[in-house]
Amino acid sequence: SPGVGDVTSAYELMLSAQPADLASSTESRQQGSPPFSGLRVAIVDDDPLVARMVQAMLLNGGCEAVEMAPMRDALRLQKLSGRAIDLVIFDSSNILVGIDQFTATISADVEDCYFIAMHPVNMSSAPPTNANIIATIHRPPTLEQLRSAISESGILVKKQENKR
């Protein structure tokens, strides 16, 4: 039947998943908090389907706020709900300025902001490297890739330390 097994169907299935399906993990069950608890994240991607999928995973995983923006508006991202952004997840294949300029411009306005680059699996160029990029994951990412990138980056630990 049409749509069975195609990429769009996979995205729609992910978007229709229940919060418990997306947010459950051994770590979050043991600690009693979702894996992305309290993070304020901006998703910069011109593909609304990819952005919505990432947004759903993050919100269901406990993010405090998630905002989506097309690349042309990305450099104006500074705050979510009046508070600083913790993390920017962006499509590395569609940067309108250089990666260094992109991360530096946002970092200049947002203290302690981290970046995760989403790099298309079928892209022949190497994933971006930059001191501000804490991880590079596939685009579109899986929930496990998001969990791993955020966990390994230590951003949640750093965020807790900054509150003290």
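Residues numbered from 1 in each chain as written. Predicted model: local features only at pLDDT ≥ 70, side-chain atom pairs only at ≥ 80, totals over all residues. Heavy atoms only, no water.

**Q** Which parts of the structure should I look at to understand the confidence of the model for the protein chain?
**A** Interpreting fine coordinate detail is not advised for predicted regions of low pLDDT. Residues of the protein chain with pLDDT of at least 70 account for 69%, and the chain-wide mean is 74. The element-level mean pLDDT for the protein chain is lowest in helix α2 (residues 19–23), coming to 42, with helix α4 (residues 48–60) highest at 92. Below pLDDT 50 for its whole length, residues 1–11 participates in 7 contacts with residues either more than four positions away or in separate chains. Overall, residues 17–30 carries pLDDT values under 50, and its contacts beyond four positions in sequence, including any with other chains, amount to 20 contacts. (pLDDT = per-residue confidence, 0-100. Helix = DSSP H or I, 4+ residues; strand = E, 2+ residues; numbered from the N terminus. Contact = heavy atoms within 4.5 Å.)

**Q** What is the right way to read the environment of A149 from this model?
**A** Following the sequence through the fold, A149 ends up in helix α6 (residues 143–153). Looking at A149, the relative accessible area reads 7%, which means it is buried. Note: C-alpha distance between A149 and I116 (33 residues apart in sequence) is 7.7 Å. In this view, A149 contacts I116, A135 and I137; residues no more than four positions away in its chain are not counted. (Buried < 20%, exposed > 50% of the residue type's maximum accessible area, 1.4 Å probe, protein only.)

**Q** Can you help me understand the pattern of salt bridges in this one?
**A** Side-chain pairs of opposite charge can arise where the charged atoms are in close proximity. Overall, the coordinates contain 6 salt bridges when judged by the stated rule. Here R40 ties to E64 by a salt bridge, and the two come within 3.8 Å at their closest N and O atoms. Pair noted here: R40 is in strand β1 (residues 40–44) and E64 is in the loop between α4 and β2 (65–69), with a separation of 24 residues, a long-range link. Classification of R40 by relative accessible area gives buried; the value is 8%. (Salt bridge = Lys/Arg side-chain N within 4 Å of Asp/Glu carboxyl O.)

**Q** Would you mind showing me how to read the packing of aromatic side chains here?
**A** Note on aromatic pairs: each is described by the distance of the centres and the angle between the planes. Applying the stated criterion to the full structure yields 3 aromatic pairs. Note on F90 and F115: the rings are 6.4 Å apart at their centroids and 80° apart in plane angle, and the pair reads as edge-to-face. Of the two residues, F90 sits in strand β5 (residues 87–91) while F115 sits in strand β6 (residues 114–120), which places them 25 residues apart along the sequence. Each member of the aromatic cluster is reached from another via a ring pair, and the members are F90, F102 and F115. (Phe/Tyr/Trp six-rings, centres within 6.5 Å; stacked < 30°, edge-to-face > 60°.)

**Q** Help me understand the sheet that holds β6 in this model?
**A** Where strands meet in a sheet, backbone hydrogen bonds hold them as pairs that are either parallel or antiparallel. Strands sit in the order β2-β1-β5-β6-β7 across an open sheet of 5 strands; the sheet is parallel. The open sheet is flanked by β2 and β7 (133–139), the only strands paired with a single partner. Each neighbouring strand pair of the sheet contributes to a mean axis angle of 20°, computed without reference to strand direction. Judged from the 5 bridges that link them, β5 and β6 form a sheet pairing that is parallel. Looking at the pairing, F90 lines up with A117 of β6. This element, α4, spans β1, β2, β5, β6 and β7 of the sheet and lies at about 175° to β2. Sitting on the sheet, α6 is in contact with β5, β6 and β7, with an inclination near 170° to β7. (Pairing = 2+ DSSP bridges. Axes fitted to C-alpha atoms, helices over the stretch in contact; angles between N-to-C directions.)

**Q** What is the right way to read the nonpolar core from this model?
**A** Nonpolar side chains tend to gather and get buried jointly when the protein is soluble and globular. In this structure, V41, V54, L58, L87 and I89 are the most contacted members of the largest nonpolar core, which totals 24 residues. Listed by contribution, the elements that provide at least two residues to this core are β1, α4, β5, β6, β7 and α6. Per-element tally for this core: the top contributor is α4, with 6 residues. What V54 contacts, discounting residues up to four positions off in sequence, is I43, I89, M118, P141 and L146. Counting 16 residues, the second largest nonpolar core, distinct from the first, contains I95, I99, F102 and A117. (Core = buried A, V, L, I, M, F, W, Y, C linked by side-chain atoms within 4.5 Å.)

**Q** Even after reading the chapter, I still don't get α4, so can you show me in this structure?
**A** Given 3.6 residues per helical turn, the α-helix brings residues three or four places apart onto the same face. In this model, α4 (13 residues) spans 18 Å end to end at C-alpha, consistent with the 18 Å of a helix rising 1.5 Å per residue. Within α4 the residues assigned to the buried category are V50, A51, M53, V54, Q55, A56, M57 and L58. The backbone nitrogen of L49 lies 2.9 Å from a side-chain oxygen of the residue at the head of α4, namely D47. (Expected span 1.5 Å × (residues − 1). Polar contact = N/O pair within 3.5 Å; in protein donor to acceptor, adjacent residues only side chain to side chain.)

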